[in-house]
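A look at the structure
As a plain string of letters, each chain reads:
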Amino acid sequence: MFKFDFDIEEADPSEVLQSISSSSYPSDKLPETTLAYDPSTEIDLSILLDALPSQLSYSPLSIPGTNIVLARRDLFDARFQLISDSEEREALEERAMKYIDDPSDIVPAVYEGGFKTWECSLDLVQYLDIERLADRRVLEVGCGTGIPSAFLLQRHLFQEKSEPMELHLQDYNATVLKLVTFPNLFLAWYMSPHSRPIRDTHNDSAPPDEKLAEPNLGIAGELYISESLKSAFFQSLKERNVELKFFSGSWSTFIVSKPYDLVLTSETIYRLESLPDLIGLLARAAKEGALDSSLKDGIALVAAKVLYFGVGGGIADFISAVESWETHQGSVETVWEKKEGVGRKILKVLWQEETSDR
């Protein structure tokens, strides 16, 4: 097990430096993994809707450096649902139950940190707000709480006119997708104008304790979840031509039916052993991109810390692995950077066509 103590608030660099471990791997060699990972599986939207509790407790999440505020499900609320759901509890290994209490703990092939909102995911939102990249078909890899995807969905739904959108989210843990990822996207929809018709209809006859509150991103609240609200969510996405898909399981077994315009991932390069599977998926998902900076599609954005102390992973090893990838030669460019404290970057990755002589 390893644990990251980084939080939304920046860690003290002097304290972080003390956590350097001798277990780090040489940067010129990627170790092979022998762990048995679960295969990739799509979770139907109807299953995620059925998994919603009768009430969602949420709080505002402000994105540093912007005026963006998103509604994020409270972790204590997710924990309460988890311990109350006997079927879900039995589906988890006993040792995985504690990760919702200590979401920074990571055990490869068991729990990959998805209950925590990692700071680099907020960096991605900040960058996406500035750079209007093609987002008709988007994949977020290792999505966890899904904050970048929630932002893209919320922005899409606030536009009067918009193109069809395919938004796919992947996380290793199905429980993370059910308890935090999907609820956060549901909240993004509810905070948009598209929830108004069902709110007005519902509130005409609902008792006081079941009325739907006026969306307010500035305050914490509770959302009463009714079957009619779920149906309205489903119908609203259909009317707006928004396709949401969710996938659990490993990166190596994720099947890409067709390339994505945009692939997002944050805080996923911390383990050298997992880089081959991650880079393989990034290459498959966005391999139609060309090495032309004027193109806006077929790219991957990777948000990460410069170095993950005590683990061995970091940006230098990731870039080296991408540029020497065996089937698709990659090009990496730094498009956003924070140098204070523990350095963080956003990398843009483009891929050449598959070659037969590499």
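Refer to the preceding data block for the structure.
Being a predicted model, the structure only gives us computed values, none of them experimental.

1. Considering the packing of aromatic side chains
- All told, the structure shown has 10 aromatic pairs when counted by the stated rule.
- Relative to F233, the ring of F186 has its centre 4.9 Å away and its plane inclined at 40°; by these criteria the two rings are tilted. Here F186, found in helix 7 (residues 174-190), pairs with F233, found in helix 9 (residues 227-239); they are 47 residues apart in sequence, far enough to count as distant.
- Relative accessible area serves as the criterion here: at 0%, F233 is assigned to the buried category.
- Consider the rings of F247 and F254, whose centres lie 4.9 Å apart with planes at 70°: the pair is edge-to-face.
- By relative accessible area, which is 11% here, F247 ends up buried.
- You can call F254 buried: its relative accessible area is 3%.
- Feature note: the residues F182, F186, W189, Y190, F233 and F246 constitute an aromatic cluster, connected by ring pairs.
- Sitting above the plane of the W118 ring, K116 keeps its charged end 5.2 Å from the centroid.
- Positioned above the aromatic ring of Y260, the side-chain terminus of R137 is 4.1 Å from the ring centre.

2. Points about the nonpolar core
- Counting residues in hydrophobic clusters, the biggest one holds 59 residues, and the most contacted among them are F186, L223 and L301.
- No other element matches the 8 residues that helix 7 contributes to this core.
- In contact with L223, not counting residues within four places along its chain, are S54, Q55, L56, Y58, F186, L187, Y190, L212 and L229.
- Counting residues in hydrophobic clusters, the runner-up holds 33 residues, among them L139, W251, L272 and W351.

3. Some words on the pattern of salt bridges
- Applying the stated criterion across every chain yields a total of 15 salt bridges.
- The closest approach of N and O atoms between R344 and E119, which form a salt bridge, is 3.5 Å. Taken together, the positions of R344 in strand 13 (residues 344-351) and E119 in helix 5 (residues 119-130) put the pair 225 residues apart, joining distant regions of the chain. E119 carries the same exposure label as R344, and that label is buried.
- Ionic pairing is found between R271 and E273, a salt bridge with its closest N-O pair at 3.8 Å.
- The exposure class assigned to E273 is buried, which follows from its relative accessible area of 14%.

4. Brief notes about the sheet that holds strand 11 (residues 299-305)
- With mixed pairing, 8 strands are arranged side by side in an open sheet as 2-9-7-6-10-11-13-12. This sheet does not close on itself; its edge strands, each paired only once, are strand 2 (41-43) and strand 12 (330-338). Across the sheet, the axes of successive neighbouring strands diverge by a mean angle of 20°, strand direction being ignored.
- Summarising the sheet, strand 10 (residues 262-266) and strand 11 pair through 5 bridges and their orientation is parallel. When the bridges of strand 11 are listed, S266 appears paired with A303.
- Along the sheet face, helix 7 touches strand 2, strand 7 (165-170) and strand 9 (242-248) and points at about 155° away from the line of strand 9.

5. Let's talk about the pairing of strand 13
- Along strand 13, 7 of the 8 residues are buried, which leaves the element largely enclosed by surrounding structure.
- Two elements, strand 11 and strand 13, share 6 bridges in a ladder whose sense is antiparallel. Each residue of the ladder has a partner; that of A300, found in strand 13, is V349.
- As paired elements, strand 12 and strand 13 share 8 bridges and run antiparallel to each other. Bridge pairing links K338 to R344 in strand 13.
- Counting the residues that bridge the hairpin from strand 12 to strand 13 gives 5 residues, and of these G341 lies at a positive phi of roughly 65°.

Reading the values: the criteria
- Chains are numbered independently. Their residues run from 1 in the order of the written sequence.
- Reporting of local features is limited, given that this is a predicted model, to residues whose pLDDT is at least 70; pairs of side-chain atoms are given and counted only at 80 or more, and all residues count toward the totals for whole chains, interfaces and linings.
- Computation of side-chain values: all heavy atoms of the structure, hydrogens and water removed.
- Think of it this way: a Phe, Tyr or Trp ring, Trp meaning its six-membered ring, pairs with another when their centres are within 6.5 Å, and the plane angle makes it stacked under 30 degrees, edge-to-face over 60, tilted otherwise.
- Strands are runs of DSSP state E lasting at least 2 residues, helices are runs of H or I lasting at least 4, and numbering of each runs from the N terminus.
- When a residue's accessible area, from a 1.4 Å probe over protein chains only, is under 20% of the maximum for its type it is buried; when over 50% it is exposed; and in between it is partly exposed.
- Two conditions define a charge located above a ring, namely a distance within 6 Å from the ring centre to NZ of Lys or CZ of Arg, and an angle within 35 degrees of the ring normal.
- In this description, a nonpolar core means a group of buried Ala, Val, Leu, Ile, Met, Phe, Trp, Tyr and Cys residues linked to one another through side-chain atoms lying within 4.5 Å.
- Residues count as neighbours in contact if any of their non-hydrogen atoms are within 4.5 Å of one another.
- Take a side-chain nitrogen of Lys or Arg and a carboxyl oxygen of Asp or Glu: if they are within 4 Å of each other, that pair is a salt bridge.
- Following DSSP output, two strands are said to pair if at least two bridges run between them.
- Axis definition: a line fitted to C-alpha atoms, over the contacting stretch in the case of helices. Angles run 0 to 180 degrees between N-to-C directions.

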